[in-house]
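# Summary of structural features
The residues making up each chain are set out below.
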Amino acid sequence: MRQIRAGNIVLASAAYALVGTATAALAGMASSPAAVKGWRVAAWLLGLAVFGLHLTIERHRTAQRLSVATHVALAVALGAFIVAALGPFRAHWGEPSRLKLALLSLLAWPVLTGAPAFVVALIVGLLLDRVAGSPRASTTVSPNER
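Residues numbered from 1 in each chain as written. Predicted model: local features only at pLDDT ≥ 70, side-chain atom pairs only at ≥ 80, totals over all residues. Heavy atoms only, no water.

### Focus on helix α4 (residues 99–132)
With 34 residues, α4 should reach 50 Å at 1.5 Å per residue; the first-to-last C-alpha distance of 49 Å fits that figure. At Ser105, α4 shows its maximal bend, which comes to roughly 30 degrees. Where α4 is concerned, the buried positions are Ala102, Ser105, Leu106, Pro110, Gly114, Ala117, Ala121, Gly125 and Asp129. Just downstream of α4, Gly133 is the residue with a positive phi angle, here 75 degrees. (Helix = DSSP H or I, 4+ residues; strand = E, 2+ residues; numbered from the N terminus. Expected span 1.5 Å × (residues − 1). Bend = angle between axes of the 7 residues up to and from the residue. Buried < 20%, exposed > 50% of the residue type's maximum accessible area, 1.4 Å probe, protein only.)

### Quick word on the side chain of Asn8
Mapped onto the fold, Asn8 is located in helix α1 (residues 6–28). Note on Asn8: relative accessible area 18%, which makes it buried.

### Concerning the pattern of salt bridges
This structure, assessed with the given rule, holds two salt bridges. Across the pair Asp129 and Arg65 runs a salt bridge whose closest N-O atoms are separated by 3.0 Å. Of this pair, Asp129 sits in helix α4 while Arg65 sits in helix α3 (residues 65–91), and the two are 64 residues apart along the sequence. For the residue pair Asp129 and Arg65, the accessibility class agrees, reading buried in each case. Taken together, the salt bridges that share partners define one network made up of Arg59, Arg65 and Asp129. (Salt bridge = Lys/Arg side-chain N within 4 Å of Asp/Glu carboxyl O.)

Pasting the structure below:
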């Protein structure tokens, strides 16, 4: 039976949550609209760096493209869930009028971020395999995953 290496997924999702909450807090303390925009750009770039690093680590651990894309997407979705939980928790969990919206965000953000992350990771993996000239199997199980 295959094991999902949860350590990398949890670590990457924690990095996404840290990037999201820290840059949001810094943007909230910014003194100008340009600084707010700068922190938002920093959040995108740091998130992209986490995505790239996690994708690289997963590609070195397994030859299975679908497994790599799934692990990366799970980390993105879990990170989005954490950020979605922390935002309303700080702002308006106590407001009954906002409870439905807060609960919806717990479902929507992981789906709206995880699905595109899966597609991007799969496409990047395909492109990297084509450039490297090393076709990886998309359905075979590597010895590391048994």
